[in-house]
Amino acid sequence: MHATILEVFAEIDGVGSASGLFLHEDLLYIIGDNSGHLNEYNIKTKKLRKIQILFDKTLDQLENIPKPLKPDFEILCQHNNKLYILGSGSTSKRNLMIEFDLKTQKVFQKDLTETYSLLKSISKIDDQNFNLEGATFTGNEWLLFNRGNGINAKNGIFNIQEADLAKIKQAKFNPFKLPNIDHVESSFTDALLVKNEIFFIATAEDTKSTYADGKILGSFIGSINLQTLKLTFSNKISGKHKFEGITLLSQNEHSAIFLLCEDRDNEELKTVIYKLILNL
């Protein structure tokens, strides 16, 4: 058992439905699942900058986009100087990938419809159970984490040995069992690669739908060995929060400190960033 300490790190106005984050030096990048912006928050100056990443002329607004139309950006991961922002794939409106170059500030868009269709076919996961919520990218290998909050509880990890996610030809799917609360299995909500260990967060939510929200029963942090894709440990960290994003703040031989974001499933443009201290 690993001891954990959870405390508030920052409260940010102007950001809602936070679903992913990445820390780069003093800049904390945050996405929301119903937003067309990438949020850049300076943890020193506490200033927020909004970067438009969605250019859809059919949308009347870029914040609090209505649920049937939202891009559902659930994934924010990084490799070298690029951020990768992915839709969950849980509906046909949620198949976009955005690449954001941290140096040039340029935004590139890709359609992952064919990729997601292939992943569904390989894994035998139907439309009602496909819901990607986490990813890691090494430059030549992707790991995509399916959140098993559909009726079939299909938690699992897609392993893709190709760099261009929009043009993949094959993948492997590894089903994964996660801890439960009151007989409700938790499901992946994000993942982060630290050296040879994958740290993940998972939430037990009393719902059988990848679309409709349910009662939150609690959240876990855990780790998975990169080589074996086997569970190393898992710890319950909260009985009420639905954490959906994780990034590393600092690490030493005794502990790792993460930042977490929470999706409160409402339209308030305010988010709380939490600090989680994990004693190793």
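Up top is the structure.
One structure accompanies this document, and this report is about it. (Residues numbered from 1 in each chain as written. Predicted model: local features only at pLDDT ≥ 70, side-chain atom pairs only at ≥ 80, totals over all residues. Heavy atoms only, no water.)

A few words now on the overall build of the protein chain. Scanning the protein chain for helices and strands turns up 1 helix and 22 strands. Relative to the globule expectation of 19 Å for 280 residues, the C-alpha radius of gyration of the protein chain, 17 Å, shows essentially globular dimensions. If one aligns the C-alpha atoms of the protein chain with their principal axes, the spans along those axes are about 50 × 45 × 35 Å. Put simply, the protein chain has 280 residues, and 57% of those count as buried. Partitioning the contacts of the protein chain with sequence separation of at least 6, the portion at a separation of at least 24 is 49%. Approximately 12500 Å² of the protein chain is accessible, and the part contributed by carbon and sulfur atoms is 47%. Across the protein chain, the 32 positively charged side chains and the 36 negatively charged ones have centroids separated by 2 Å. (Helix = DSSP H or I, 4+ residues; strand = E, 2+ residues; numbered from the N terminus. Rg over C-alpha atoms; globule rule 2.2 N^0.38 Å. Buried < 20%, exposed > 50% of the residue type's maximum accessible area, 1.4 Å probe, protein only. Contact = heavy atoms within 4.5 Å. Areas by Shrake-Rupley, 256 points an atom, 1.4 Å probe, with all protein chains shown as cover. Lys, Arg positive; Asp, Glu negative; His and termini not counted. Charge placed at Lys NZ, Arg CZ, Asp CG, Glu CD.)

Turning to the nonpolar core, a few remarks are in order. The biggest cluster of nonpolar side chains holds 21 residues, and the ones touching the most others in it are L86, L119, W142, L144, F158, I160 and L165. Broken down by secondary-structure element, the contributors of at least two residues to this core are strand 6 (73-79), strand 7 (82-87), helix 1 (113-123), strand 10 (132-137), strand 11 (142-146) and strand 12 (156-160). Among all residues touching W142, those that are not within four sequence positions of it are C77, Y84, M97, A135, T136, F137, F158, N159, I160, E162, A163 and L165. Grouped together as the second largest cluster of nonpolar side chains are 17 residues, I31, L38, L96 and L102 included. (Core = buried A, V, L, I, M, F, W, Y, C linked by side-chain atoms within 4.5 Å.)

This part covers the pairing of strand 4 (residues 37-42). For strand 4, a buried count of 6 out of 6 residues is recorded, marking the element as mostly surrounded by other parts of the structure. Across the two faces of strand 4 the burial is the same, with H37, N39 and Y41 and L38, E40 and N42 all buried. In sequence, strand 3 (residues 27-32) turns back onto strand 4 through a hairpin of 4 residues. (Pairing = 2+ DSSP bridges.)

Further remarks concern the sheet that holds strand 8 (residues 96-101). With respect to topology, 4 strands assemble into an open sheet ordered 6-7-8-9, the strand pairing being antiparallel. Each end of this open sheet is capped by a strand with a single partner; those strands are strand 6 and strand 9 (107-111). If you compare each strand with its neighbour and ignore which way they point, the axes differ by 20° on average. Here strand 6 pairs with strand 7 via 6 bridges, running antiparallel. Bridge pairing links C77 to Y84 in strand 7. (Axes fitted to C-alpha atoms, helices over the stretch in contact; angles between N-to-C directions.)

What follows covers helix 1. Restricting attention to buried positions, one finds in helix 1 the residues T115, Y116, L119, K120 and S123. Buried residues of helix 1, seen end-on, are gathered within an arc of 135° and therefore sit on one face of the element. Away from its buried face, by an angle of more than 90 degrees, helix 1 presents the exposed residues E114 and S121. Of the surrounding elements, those touching the buried residues of helix 1 are strand 7, strand 10, strand 11, strand 12 and strand 13 (172-175). (Arc of directions from axis to C-beta.)

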